[in-house]
Amino acid sequence: MTSQKGEPRLKKSIIVLAFISLGLVYSTMIVGVYFSSIEQGIACTEWPLCPNGLFGAPEERYTVEYAHRLIAAIAAAFIYATAIIVPSKIKRAKKAALIAAAIVSVQLVLGLAVVFSQLNPLLVASHLSTGVSMFALVLLTFLWTSFWRKQS
Ligand code: HEM
């Protein structure tokens, strides 16, 4: 990576944003695996919201699925914001952030497909692997922005 001497230092808030995105993706994955293993996967058959909507208290049978969707939506918002805010001069980080933003869009649609197909195994497998790929890209965004800031 080239030296960034003479250029203004990368704002810490960008790295913080990338880190929060990373934490949110990680949390979404943990909650996803948890509610998959307690077999709540098809407890909420509607999309994008569960029957009681966004602000109504979720019924017990789909509380964890509700949490999964809510955290996923917040994670997506953070990933999009990170993709916008990472400066283009940090080419690798910008590329990783943009790919992560594209992947999270695919993941949201895959979530819909998983719900409407009533847990088709191929779609569930794709949902899991897409989540892992997304985690890797958000991690790279965080690492490359942190590295860039350290260098400058
Ligand atoms: C940031 C976005 C998301 C990530 C990273 C993510 C990740 C995951 C992961 C890792 C699992 C566990 C898979 C397994 O153990 O086989 C899972 C399960 C699941 N996810 Fe997501 N997910 C996201 C968004 C969504 C959305 C938006 C929906 C639907 C509205 C959704 C619906 C589901 C369902 C129904 C399952 C349960 C599958 C089962 O019971 O086997 N996900 N998710």
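Below or above, wherever it landed, is the structure these notes cover.

Below, the discussion takes up the environment of V138. If you trace the backbone, V138 turns up in helix α4 (residues 121-151). Among the residues examined, V138 registers a relative accessible area of 5% and is labelled buried. The sequence separation of V138 and I79 amounts to 59 residues, and the corresponding C-alpha distance is 7.7 Å. Filtering out sequence-adjacent residues up to four positions away, V138 remains in contact with A18, S21, L22, V25, I79 and A100.

So, on to the packing of aromatic side chains. Using the criterion set out here, one finds two aromatic pairs in the structure. Where F19 meets F142, the ring centres are 5.3 Å apart and the plane angle is 50 degrees; that geometry is what we call tilted. Here F19 is found in helix α1 (residues 12-37), whereas its partner F142 is found in helix α4, with 123 residues between them in sequence. Of the residues examined, F142 reaches a relative accessible area of 18% and is grouped as buried. Seen from their ring centres, Y26 and F135 are 5.8 Å apart, and the 40 degrees between their planes marks the pair as tilted. Of the two residues, Y26 is situated in helix α1 and F135 in helix α4; the sequence distance between them amounts to 109 residues.

On to the site of the ligand. In the region of the ligand, 22 residues are neighbours, and F35, S36, W47, H68 and H127 sit closest. One nitrogen or oxygen atom from the side chain of H68 is found 2.8 Å from a nitrogen atom belonging to the ligand. The set of elements that each furnish at least two residues to the shell around the ligand consists of α1, α2 (63-85), α3 (91-116) and α4. Tallying contributions element by element places α1 first for the shell around the ligand, with six residues. Broken down by class, the residue content of the shell around the ligand amounts to 12 nonpolar, eight polar and two charged.

Next up on the list: the side chain of S21. Note on placement: S21 falls in helix α1. Not counting residues within four places of it along the chain, the set of residues in contact with S21 comprises F78, I79, T82 and V138.

To continue, consider α1. Compared with the 38 Å implied by 1.5 Å per residue over 26 residues, the 38 Å span of α1 between its first and last C-alpha is a close match. Listed in full, the buried residues belonging to α1 are I14, I15, L17, A18, S21, L22, L24, V25, T28, V31, G32 and F35. Its buried side turned inward, α1 meets α2 and α4. One or two steps after α1, the chain reaches E39, where phi turns positive at roughly 55 degrees.

Take the coordination of the iron atom of the ligand next. For a metal with four tetrahedral donors the ideal donor-metal-donor angle is 109.5 degrees, whereas six octahedral donors ideally subtend 90 or 180 degrees. Protein coordination at the iron atom of the ligand: the donors are H68 (NE2) and H127 (NE2), at 2.0 Å from the metal. In this structure, the iron atom of the ligand is coordinated by six donor atoms arranged in octahedral fashion, with angles at the metal of 87 to 179 degrees. One end of the pair, H68, is in helix α2; the other, H127, is in helix α4, and 59 residues separate them in sequence. Across the pair, exposure class does not vary: H68 and H127 are buried alike.

On to the state of the cysteines. A complete count under the given rule lists one disulfide for this structure. Between the sulfur atoms of C44 and its disulfide mate C50 the distance is 2.4 Å. Taking the torsion about the S-S bond as the criterion, the C44 to C50 disulfide, at about -115 degrees, is left-handed. What makes C44 buried here is its relative accessible area of 1%.

Conventions and cut-offs
- Residues numbered from 1 in each chain as written.
- Predicted model: local features only at pLDDT ≥ 70, side-chain atom pairs only at ≥ 80, totals over all residues.
- Heavy atoms only, no water.
- Helix = DSSP H or I, 4+ residues; strand = E, 2+ residues; numbered from the N terminus.
- Buried < 20%, exposed > 50% of the residue type's maximum accessible area, 1.4 Å probe, protein only.
- Contact = heavy atoms within 4.5 Å.
- Phe/Tyr/Trp six-rings, centres within 6.5 Å; stacked < 30°, edge-to-face > 60°.
- Near = heavy atom within 4 Å.
- Polar contact = N/O pair within 3.5 Å; in protein donor to acceptor, adjacent residues only side chain to side chain.
- Nonpolar A, V, L, I, M, F, W, Y, C, P; charged D, E, K, R; others polar.
- Expected span 1.5 Å × (residues − 1).
- Donors = N, O, S within 2.8 Å, 3.2 Å for Na, K, Ca; no water.
- Tetrahedral: all angles 85-135°; square planar, octahedral: opposite > 155°, others 65-115°.
- Disulfide = S-S within 2.5 Å.

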